[in-house]
Amino acid sequence: EQATAAQAERARRLAALRDLPAVTRDGRRIELAINIGRPEEIGAAEAYGPEGVGLFRTEFLFLDRSRPPGEEEQRQAYAAAVRALRGRRLVLRTLDVGADKRLPFIDWPEEMNPALGLRGARLGLARPDLLRTQLRAVLRAAAEGPISVMFPMVTTREEVRRLRQAVEEAAASLDREGIPRGRVEVGIMVETPAAALAARALAREVDFFSVGTNDLTQYTLAVDRTSQEVAALYDALHPAVLRLILEVGRAAEEAGIWAGVCGELGGEPLATPFLVGAGITELSMHPRALWEVKQVVRGIRYDEARRLAEELVALASGEEVRHRLRGFLAERGLALDA
Ligand code: PEP
Ligand code: MG
């Protein structure tokens, strides 16, 4: 009975956070957003009070069909998400297939290592027809509300420039045809070590970064995220991964752009003090994680989290990182779900 009562009390405390801002004790504002795979998920998540969508995975429109969706079908799906958000930001990721996700209407090459092959934005650049249709649909949907477009799996400045140019060309083609469109912010996912290590240079090319910790962990640790054989080695809190995230946060701060996290680590309350301290200002996650993460944000100070972040990247293992984070939270009365 005592345990049940404590749980109910905890749920009430968390629910009371719904309409409060995610702001640290010393006034650093963090935006808490959700990850979605379909527009309908926005309505279902409203009970948790999200401030926007930090990752809209658009693959649902492309899977299980023999031909790619047309521009109008895509426009309608994206506009539905924009309308459901009523002015809040929608970060839309362009088609991210390849590796483990294969589409029947694409002529896939034979590759020994598909996770290192033609996937994400690389596919978009290799198939400009697909990219152009999606970008035109996004720009048209942006006439109804704010959209930030985000490209997955980027490693070079050249790719970023070509992708930005594709956005500009799509916009110019709509203008020529007199079709209404909006403006979009253009950003990249940082999910390769190359993008993280080159973040200072890439920050000059984009409006924002969003760290994809799922792939960033896979590529940094050389651990296939889908393999059971090496699952024990997969650890997003490995200091090597944290060091890359810190690099991204600091690069964004210097360049005056924003940096978010949309991989699983973004919804991990234990990681919140590190991410905030690393300079990340937007966290995107499963809706159910929002309140716990908000509770941590509201219970810490940014200046202390900054020092903590520098300390954590110098530790020797994910275990040490976890231990230190638990201690940091406990000292502030923020023991997580016991
Ligand atoms: C990621 O890699 O962290 C990410 C958010 O993208 P996905 O999980 O869809 O690869
Ligand atoms: Mg990814």
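Our subject is the structure listed above.
Overview of the structure. All figures in this text were calculated on a predicted structure; none of them were measured in a lab.

1. Some thoughts on the overall build of the protein
- Per the secondary structure count, the protein includes 14 helices and eight strands.
- Relative to its length of 338 residues, the protein is compact, with a C-alpha radius of gyration of 20 Å against a globular reference of 20 Å.
- A principal-axis box enclosing the C-alpha atoms of the protein has dimensions of 60 × 40 × 40 Å.
- Out of the 338 residues in the protein, the part that is buried amounts to 55%.

2. A closer look at the sheet that holds strand 1 (residues 31–36)
- In space, the eight strands of this closed barrel follow the order 1-2-3-4-5-6-7-8, with parallel pairing throughout. The sheet shows a mean angle of 25° between the axes of neighbouring strands, taken without regard to direction.
- Bridging between strand 5 (residues 184–190) and strand 6 (residues 208–211) involves four bridges; their strand directions are parallel. Within strand 6, the residue paired with Ile188 across the bridge is Phe209.
- Docked against the sheet, helix 6 (residues 157–176) engages strand 4 (147–151) and strand 5, running at close to 150° with respect to strand 5.
- Packing against the sheet, helix 12 (residues 290–299) makes contact with strand 1 and strand 8 (282–285), and its axis sits at approximately 160° to strand 1.

3. A word on the layout of surface pockets
- Put simply, the largest pocket is a space of about 510 Å³.
- Asp100, Arg119, Asp215, Gln218 and Arg225 are, among the 31 residues lining the largest pocket, the residues nearest its centre.
- Among the elements that line the lining of the largest pocket, the one with the most residues is helix 9 (residues 213–221), at four residues.
- Classifying every residue of the lining of the largest pocket by side-chain character gives 13 nonpolar, seven polar and eleven charged.

4. Focus: the pairing of strand 2 (residues 52–57)
- Across the six residues that make up strand 2, a large majority, five, are buried.
- Where strand 1 lies against strand 2, three bridges are found, and the strand directions are parallel. When the sheet's bridge partners are listed, Ile34 is paired in strand 2 with Val53.
- Relative to strand 3 (residues 89–93), strand 2 runs parallel, the two sharing four bridges. Looking across to strand 3, one finds that Gly52 is bridged to Arg89.
- Chirality of the crossover, the property in question, places the unit of strand 2, helix 3 (residues 71–85) and strand 3 among those that are right-handed.

5. Re the side chain of Asn214
- Looking at the element boundaries, Asn214 is found in helix 9.
- Overall, the relative accessible area of 12% leaves Asn214 in the buried class.
- Looking at Asn214, its side chain comes within polar contact range of the main-chain nitrogen of Glu264, at 2.8 Å.
- Contacts of Asn214, omitting those with residues within four sequence positions, involve Arg57, Arg225, Tyr234, Gly263 and Glu264.

6. Observations concerning unusual backbone geometry
- Of note in this structure, Asp64 is not a glycine but carries a positive phi near 55°.
- Counting through the fold element by element, Asp64 comes out in the loop between strand 2 and helix 3.
- In this structure Asp64 comes out as exposed when scored by relative accessible area, which is 79%.
- Even without glycine at this site, Met153 takes up a positive phi of about 60°.
- Residue position: Met153 is located in the loop between strand 4 and helix 6.

7. Focus on the site of ligand 1
- With respect to spatial proximity, the complete set of residues near ligand 1 consists of Leu55, Arg57, Arg93, Met189, Glu191, Gly212, Thr213, Asn214, Asp215, Arg225, Cys262 and Gly263.
- Contacts to ligand 1 include Gly212, whose backbone N or O atom sits 3.4 Å from an oxygen atom.
- Within the side chain of Asp215, one N or O atom sits 3.0 Å away from an oxygen atom of ligand 1.
- Expressed as a share of its isolated accessible area of 290 Å², the protein-covered part of ligand 1 is 96%.

Reading guide: rules and limits
- Here the residue numbers are simple positions, counted from 1 along each chain's written sequence.
- Note on labels: chains are lettered from A, ligands numbered from 1, in written order.
- Whole-chain, interface and lining totals are the exception, using all residues; otherwise, since this is a predicted model, local features are given only for residues with pLDDT of at least 70 and side-chain atom pairs are given and counted only at 80 or more.
- The basis for every side-chain value is the complete set of non-hydrogen atoms in the structure, without hydrogens or water.
- Helix and strand labels come from DSSP, where a helix needs a run of H or I of at least four residues and a strand needs a run of E of at least two; each type is numbered from the N terminus.
- The globule rule used for comparison is 2.2 Å times the number of residues to the exponent 0.38, while the radius of gyration itself is calculated over C-alpha atoms.
- To sort residues, take the accessible area from a 1.4 Å probe on protein chains only and compare it with the maximum for the residue type: under 20% means buried, over 50% means exposed, and anything in between is partly exposed.
- Note on pairing: two strands pair once DSSP finds at least 2 bridges between them.
- Geometry is summarised by axes, namely lines fitted to C-alpha atoms with helices restricted to the contacting stretch, and by angles between N-to-C directions that run from 0 to 180 degrees.
- In what follows, residue pairs with any heavy atoms lying within 4.5 Å of each other are defined as contacts.
- Only protein atoms enter the 1 Å grid used here. Points where a 1.4 Å probe fits but cannot escape make up a cavity, open sets with protein on both sides within 12 Å along at least five of seven lines make up a pocket, and a residue lines them when an atom lies within 4 Å of a point.
- Grid points are joined across faces, edges and corners, and a volume is the space filled by probe spheres set on the points.
- All residues other than Ala, Val, Leu, Ile, Met, Phe, Trp, Tyr, Cys, Pro, Asp, Glu, Lys and Arg, Gly among them, are scored as polar; the first ten of these are nonpolar and the last four charged.
- Here a crossover is taken to be right-handed if, once the strands point away from the viewer, the path from the first strand over the helix to the second is traced clockwise.
- Pairs of N or O atoms within 3.5 Å make up the polar contacts considered here, provided that, within protein, one atom can donate a hydrogen while the other can accept it, and that residues adjacent in sequence are counted only when both atoms are side-chain atoms.
- Near, as used in this document, describes a residue that has one of its heavy atoms within 4 Å of the molecule or strand being considered.
- Here, Shrake-Rupley sampling with a 1.4 Å probe gives the accessible areas, and only protein chains in the shown set may cover a residue.

Bear in mind that shape data such as this cannot, by itself, settle questions of function.
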